[in-house]
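Chains, contacts and geometry: an overview
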Amino acid sequence: MDGRKRGGREAVPPHGRRETPEERADRRWGELVQEIRVAQTGVQILFGFLLTVVFTPRFADLPGLDRAIYITTVVLGAAATGALIGPVSFHRIVSGRRIKPHAVVWASRLTFTGLVLLLLTMVSALLLVLRVATHDSFVPWLVSGVAAWYLLCWFVLPTWARHRYTTGD
């Protein structure tokens, strides 16, 4: 089926929906906004928490490496927050300019970047917390295991499913 009329009826296009490019962009934008809401809430809560750590009495006692991990974590959290809020600003600035299909592509790229930065923020925060909580040598292994789990859940499985069950759309 290629989207042409067959037997008096319009065939279903290869991507499985009868929608104009504008309708498709509207649908994809709505889906993207729902996805962003989930990630954005998590990164904002984590980032807010990270900002308060510097004001605790124990922060002054952190060794240099732990301070460096903390600073890296805060910067990653700030970058993730920016990338995940970016699509909202992007949409607002280009709204009404009839470029929604392009806006969806750029917003998707920002969201993907935000997810990568969120993963790095989570791993960095976990490393910091576990280093402070325990100085055991298993901490890097534990953090690596959690990072692998995030990679599997967030990127590997969806990429595998995309290649396994789609035809290139």
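Below is a summary of the structure that appears in this document. Since we're looking at a predicted model, the values are computed, not measured.

A short note on the overall build of the chain
Scanning the chain from N- to C-terminus turns up four helices and two strands. Overall, the chain shows an N-to-C arrangement of helices and strands of β-β-α-α-α-α. Within the chain, the proportion of its 169 residues that are buried is 30%.

As for the nonpolar core
Counting residues in hydrophobic clusters, the biggest one holds eleven residues: L46, F47, L50, V53, F59, L62, I69, Y70, V74, A125 and L128. Of all elements in the fold, only helix 1 (21–53), helix 2 (64–94) and helix 3 (100–133) reach the threshold of two or more residues within this core. Take this core: its biggest share by element is four residues, from helix 1. Beyond its immediate stretch of four places on either side in the chain, I69 contacts S124, L127, L128 and R131.

Side note on the packing of aromatic side chains
As enumerated under the stated definition, the model contains five aromatic pairs in all. Between the aromatic rings of F59 and Y70, the centroid separation amounts to 5.1 Å while the plane-to-plane angle is 65°, which identifies the pairing as edge-to-face. Here F59 is found in the loop between helix 1 and helix 2, whereas its partner Y70 is found in helix 2, with eleven residues between them in sequence. With a relative accessible area of 12%, F59 lands in the buried category. Directly above the aromatic system of W106 lies the positively charged group of R109, at a separation of 4.7 Å from the ring centroid.

Considering the environment of Y150
As for its placement among the helices and strands, Y150 is situated in helix 4 (residues 139–165). Here the alpha-carbon distance between Y150 and L119, two residues 31 residues apart in the chain, equals 7.0 Å.

Points about helix 2
Taking 1.5 Å of rise per residue, the 31 residues of helix 2 would be expected to cover 45 Å, and the 44 Å separating its terminal C-alpha atoms lies within 8% of that figure. At G86, helix 2 is deflected by roughly 35°, the largest bend along its length, and proline P87 occurs up to four residues later in sequence. G96, located one to two residues past helix 2, shows a positive phi value of around 85°.

Here's the deal with the packing of helix 1 against helix 2
Viewed as axis vectors pointing N to C, helix 1 and helix 2 meet at an angle of 150°, and their least axial separation amounts to 9 Å. Accordingly, the angle class assigned to the pair helix 1 and helix 2 is roughly antiparallel. Judged by the twist between their axes, the crossing of helix 1 over helix 2 is left-handed. Across the interface between the two elements, W29, I36, A39, Q40, V43, Q44, F47, L50, L51 and V53 of helix 1 pack against Y70, T73, V74, G77, A78, A80, T81, L84, I85, P87, V88 and H91 of helix 2. Here the contact of helix 1 with helix 2 is built from residues that sort into 16 nonpolar, six polar and no charged.

Section: the pattern of salt bridges
By the definition in use, this model includes four salt bridges. A salt bridge links E19 to R27; the shortest N-O distance between them is 2.8 Å. Judged by relative accessible area, E19 falls into the buried class, the value being 19%. Put simply, R27 and E31 hold a salt bridge, and the shortest N to O gap is 3.3 Å. Residue R27 and its partner E31 are both found in helix 1; the two are separated by four residues, about one turn of the helix. Exposure remark for E31: the relative accessible area of 37% places this residue in the partly exposed category. Through salt bridges with shared partners, a single network forms among E19, R27 and E31.

Calculation rules
Residues numbered from 1 in each chain as written. Predicted model: local features only at pLDDT ≥ 70, side-chain atom pairs only at ≥ 80, totals over all residues. Heavy atoms only, no water. Helix = DSSP H or I, 4+ residues; strand = E, 2+ residues; numbered from the N terminus. Buried < 20%, exposed > 50% of the residue type's maximum accessible area, 1.4 Å probe, protein only. Core = buried A, V, L, I, M, F, W, Y, C linked by side-chain atoms within 4.5 Å. Contact = heavy atoms within 4.5 Å. Phe/Tyr/Trp six-rings, centres within 6.5 Å; stacked < 30°, edge-to-face > 60°. Lys NZ or Arg CZ within 6 Å of the ring centre and 35° of its normal. Expected span 1.5 Å × (residues − 1). Bend = angle between axes of the 7 residues up to and from the residue. Axes fitted to C-alpha atoms, helices over the stretch in contact; angles between N-to-C directions. Parallel < 35°, antiparallel > 145°, perpendicular 65-115°, else oblique. Left-handed = near helix turned anticlockwise from the far one by under 90°. Nonpolar A, V, L, I, M, F, W, Y, C, P; charged D, E, K, R; others polar. Salt bridge = Lys/Arg side-chain N within 4 Å of Asp/Glu carboxyl O.

Function cannot be read off these values alone, since they describe shape.
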